[in-house]
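Commentary on secondary and tertiary structure
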Amino acid sequence: MASPRADAPLLTSRSGRVKTARRLARRVNRAEHRLFLAEGPQAVREALAVPGCVREVFAVPGRYDDLDATAAGVPWHWVDEPALASLAETVHPQGVVAVCGFVDVPLDQLLTPRPRLLALCADVRDPGNAGTVIRCADAAGAGGVLLTGSSVDPYNGKAVRASVGSLFHLPLAIEADTAAVVRQLQAHGVTVLAADGAGELDLDAATDDGRLAAPTAWLFGNEAWGLPEELAGLADHRVRIPIHGRAESLNLATAAAVCLYASARAQRQ
C-alpha cells in the first residue's frame with residue numbers, strides 16, 4: 001500500500017481504522033486478535049525491523065517521516081492530533097503508533113538452541129517492572145525472557161513502553177505453570193537461580209566461584225511477596241544480593257539488572 005498523499009484528508013478519532021486499533025487498549029481484544037499497540041518512534045522503529053511484525057502505522061504528518069514503513073509494505077495512515085491521542089496512553093503522545101503482531105514464541109523454541117542466560121518472571125504484576133526486566137535482559141545479552149503464572153500482559157501499553165523497544169529484540173515466552181517451566185529448563189541443562197533476599201548463596205560468592213558462567217535462568221518473584229517457598233525450593237540455588245548499606249532491599253527491576261549483569265560478566269570472561 002502506498003503512503004497517502006500529503007494533502008489527503010486526515011483520519012480522525014471517529015474513523016473506522018482508528019476505532020478498530022483503539023480497541024487493542026483492552027487485553028481481551030489484544031488476546032483475541034494477537035495484536036497490540038506500540039507507541040513512540042523508538043518502539044515503532046524497532047518493531048519495523050522485525051519482518052512481518054507491524055501491520056499498520058498511524059502518524060501525525062510531518063513527524064517521524066524517517067520511519068519508512070511504506071518501503072516494508074506496511075500501510076501508513078496520516079491522522080490528526082486527537083486521533084493519535086486516542087490511540088496513545090501517554091499524557092504527551094509522541095506522534096506515531098503502530099499496530100503490531102504478538103512476538104512471543106513457544107518455550108521449546110526459546111530453548112533451542114540452549115540459551116546461555118534467561119530471565120524468568122513469576123507472577124510479576126507491574127507492567128513497568130515487566131518491561132524494564134525485558135530491557136535489562138536485552139542489555140545484558142540474555143537469550144530470552146519468560147513470563148509465567150499470573151504475570152502481567154507484556155503487551156500492556158506501559159510494559160511495551162518500559163521495554164523501550166527491547167520487546168522486539170529477544171525471544172519472549174508466556175507460560176502458565178512456573179514449576180513446569182523450571183523443571184523444563186533444568187532438563188535442558190539450564191541452572192535455575194532464585195533471586196531471594198534470604199538465599200543461602202551470596203551473589204558475590206557465586207560470581208567468584210565461577211558457577212555463574214554456566215547456562216543460567218534467573219527466577220524473579222512478585223514485587224510484593226517475592227517467590228513462594230515451593231517455587232524457590234525448585235531452584236538449584238537461592239541467591240541473595242548483598243546489601244552493603246542500610247537499604248531494606250532492592251526493587252524487582254534493580255535486582256534483575258544486578259543479577260543478569262553478574263551472569264553476563266561471568267559468561268564473557
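Let us look at the structure shown here. (Residues numbered from 1 in each chain as written. Predicted model: local features only at pLDDT ≥ 70, side-chain atom pairs only at ≥ 80, totals over all residues. Heavy atoms only, no water.)

Observations concerning the overall build of the protein chain
Looking only at helices and strands, one finds 11 helices and 11 strands in the protein chain. Here the C-alpha atoms of the protein chain give a radius of gyration of 20 Å, agreeing with the 18 Å that 2.2 N^0.38 yields for 269 residues. Projected onto its principal axes, the C-alpha positions of the protein chain cover 65 × 40 × 35 Å. Within the span of the protein chain, comprising 269 residues, buried residues form 50% of the whole. A separation threshold of at least 6 residues defines the contact pool for the protein chain, and within that pool the share at least 24 residues apart is 79%. When the accessible surface of the protein chain is split by element, carbon and sulfur atoms take 51% of a total near 12,400 Å². Averaged over its 26 positive side-chain charges, the protein chain has a centre that lies 5 Å from the centre of its 30 negative ones. (Helix = DSSP H or I, 4+ residues; strand = E, 2+ residues; numbered from the N terminus. Rg over C-alpha atoms; globule rule 2.2 N^0.38 Å. Buried < 20%, exposed > 50% of the residue type's maximum accessible area, 1.4 Å probe, protein only. Contact = heavy atoms within 4.5 Å. Areas by Shrake-Rupley, 256 points an atom, 1.4 Å probe, with all protein chains shown as cover. Lys, Arg positive; Asp, Glu negative; His and termini not counted. Charge placed at Lys NZ, Arg CZ, Asp CG, Glu CD.)

Observations regarding the pairing of strand 2 (residues 54-59)
Counted residue by residue, strand 2 has five buried out of six residues, so it is predominantly covered. Judged from the three bridges that link them, strand 2 and strand 3 (residues 76-78) form a sheet pairing that is parallel. Looking across to strand 3, one finds that Ala59 is bridged to Trp78. (Pairing = 2+ DSSP bridges.)

Re helix 6 (residues 127-139)
The end-to-end C-alpha separation of helix 6 is 18 Å, in line with the 18 Å expected for 13 residues at 1.5 Å each. On its buried face, helix 6 is in contact with strand 5 (117-122), strand 6 (144-148), helix 7 (157-163), strand 7 (172-175) and helix 11 (252-267). A distance of 3.0 Å separates the backbone nitrogen of Gly128 from a side-chain oxygen at the start of helix 6, and that oxygen is part of Asp126. Of the residues flanking the end of helix 6, it is Gly141, one or two places downstream, whose phi is positive at about 80 degrees. (Expected span 1.5 Å × (residues − 1). Polar contact = N/O pair within 3.5 Å; in protein donor to acceptor, adjacent residues only side chain to side chain.)

So, the side chain of Glu56
As for its position among the elements, Glu56 is in strand 2. Glu56 sits in the buried class, given a relative accessible area of 12%. A polar atom in the side chain of Glu56 sits 2.9 Å from the side chain of Arg17. Once residues within four sequence positions are removed from consideration, Glu56 is found in contact with Arg17, Val74, Pro75, His77, Val97, Ala98 and Val99.

Quick notes on the packing of aromatic side chains
Tallied over the entire structure, the rule returns six aromatic pairs. Here Phe102 and Tyr155 contribute two aromatic rings whose centre-to-centre distance is 3.9 Å and whose plane-to-plane angle is 15 degrees, an arrangement assigned as stacked. Taken together, the residues span a long stretch of sequence, with Phe102 in the loop between strand 4 (96-101) and helix 5 (107-110) and Tyr155 in the loop between strand 6 and helix 7 at a distance of 53 residues. Residue classification places Phe102 among the buried positions, given a relative accessible area of 18%. Overall, Tyr155 belongs to the buried group, its relative accessible area being 1%. Ring geometry for Trp218 against Phe220: centres 6.4 Å apart, planes inclined by 15 degrees, an arrangement best described as stacked. Phe220 shares its class with Trp218; the two are buried. By way of ring pairs, the aromatic residues Phe36, Phe102, Tyr155 and Phe168 are connected into one cluster. (Phe/Tyr/Trp six-rings, centres within 6.5 Å; stacked < 30°, edge-to-face > 60°.)

Section: the pattern of salt bridges
For the structure shown, the criterion picks out nine salt bridges. With a closest N to O distance of 3.3 Å, Arg34 and Asp104 form a salt bridge. Here Arg34, found in the loop between helix 2 (27-33) and strand 1 (35-39), pairs with Asp104, found in the loop between strand 4 and helix 5; they are 70 residues apart in sequence, far enough to count as distant. Arg34 gets classed as partly exposed once you look at its relative accessible area, which sits at 39%. In this structure, Arg238 and Glu229 form a salt bridge, with 2.5 Å as the shortest nitrogen-oxygen distance. Where salt bridges share partners, they join Arg27, Arg30 and Asp153 into one cluster. (Salt bridge = Lys/Arg side-chain N within 4 Å of Asp/Glu carboxyl O.)

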